[in-house]
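Fold and geometry: a report
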Amino acid sequence: MSNYLDDDMIVCRCEEVTVGEIREAVRDGAKDVVGVKRRTRAGMGLCQGRTCEKMVMAIIAQELDKRTDQVGTSSARPPVRPLTFGELADAEVI
């Protein structure tokens, strides 16, 4: 990955997180994907990181001078799907 990525480039389209925000999160102490996710919401959108996680990992690895396999991945989440108000109304309360 290039060292010349523009800070304004959007990495996480779902949450509109930029390269600059990810770099800032790393500089503020994030050491892995989960740390960046907590600080920026990258990977918390509809796709749950399926679109952006590899790019987030690459930026973290670049900032920390590590390999991408050393920065970890995020935890898997079940797919998200829209619900109607009717489905919510019919749902059992546990």
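What counts and how
Residues numbered from 1 in each chain as written. Predicted model: local features only at pLDDT ≥ 70, side-chain atom pairs only at ≥ 80, totals over all residues. Heavy atoms only, no water. Helix = DSSP H or I, 4+ residues; strand = E, 2+ residues; numbered from the N terminus. Buried < 20%, exposed > 50% of the residue type's maximum accessible area, 1.4 Å probe, protein only. Contact = heavy atoms within 4.5 Å. Patch = residues over 30% accessible without salt bridge, like charges linked within 9 Å, V, L, I, M, F, W, Y side chains within 5 Å. Areas by Shrake-Rupley, 256 points an atom, 1.4 Å probe, with all protein chains shown as cover. Salt bridge = Lys/Arg side-chain N within 4 Å of Asp/Glu carboxyl O. Lys, Arg positive; Asp, Glu negative; His and termini not counted. pLDDT = per-residue confidence, 0-100.

1. A word on the overall build of the protein chain
- A tally of regular secondary structure across the protein chain gives 4 helices and 2 strands.
- Going from N to C terminus, the protein chain has its helices and strands arranged as β-β-α-α-α-α.
- Buried residues in the protein chain amount to 35% of all 94 residues.
- Sequence separation of at least 24 residues holds for 55% of the intrachain contacts in the protein chain that already meet a minimum separation of 6.

2. A few points about helix 2 (residues 33–40)
- The set of residues buried in helix 2 consists of Val33, Gly35, Val36, Lys37 and Thr40.
- Contacts from the buried residues of helix 2 go to strand 2 (17–18), helix 1 (19–27) and helix 3 (53–64).
- Of the residues flanking the end of helix 2, it is Arg41, one or two places downstream, whose phi is positive at about 75°.

3. Here's the deal with a nonpolar patch on the surface
- A contiguous nonpolar surface patch, about 370 Å² in accessible area, is contributed by Leu83, Phe85 and Leu88.
- Within the secondary structure, Leu88 is located in helix 4 (residues 85–90).
- Exposure remark for Leu88: the relative accessible area of 49% places this residue in the partly exposed category.

4. With respect to the side chain of Glu53
- On the secondary structure map, Glu53 appears in helix 3.
- For the buried Glu53, no salt bridge is present, and the opposite-charge side chain at shortest range is Lys37, 6.2 Å distant.
- Not counting the four nearest positions on each side in its chain, Glu53 is found in contact with Val33, Thr73 and Ser74.

5. Considerations on the confidence of the model for the protein chain
- Residue-level pLDDT values for the protein chain average 88, and 89% of them are 70 or greater.
- Mean pLDDT across the elements of the protein chain bottoms out in helix 4 (83) and peaks in strand 2 (98).

6. Concerning the pattern of salt bridges
- Inspection of every chain in the model, using the stated rule, returns 5 salt bridges.
- Between Arg23 and Asp7 there is a salt bridge; the shortest N-O distance is 2.5 Å. Residue Arg23 is found in helix 1, and its partner Asp7 is found in the segment before strand 1 (10–12); the two are separated by 16 residues along the sequence.
- Take Arg23: its relative accessible area is 7%, and that puts it in the buried class.
- On the accessibility criterion, Asp7 (38% relative accessible area) is partly exposed.
- Among the ionic pairs, Arg41 bridges to Glu15, the shortest N-O distance being 3.1 Å. Here the residue Arg41 occupies a position in the loop between helix 2 and helix 3, and Glu15 occupies one in the loop between strand 1 and strand 2, the gap between them amounting to 26 residues.

7. Some remarks on unusual backbone geometry
- One non-glycine residue, Glu16, lies in positive phi territory at about 55°.
- By relative accessible area, Glu16 is classed as exposed at 59%.

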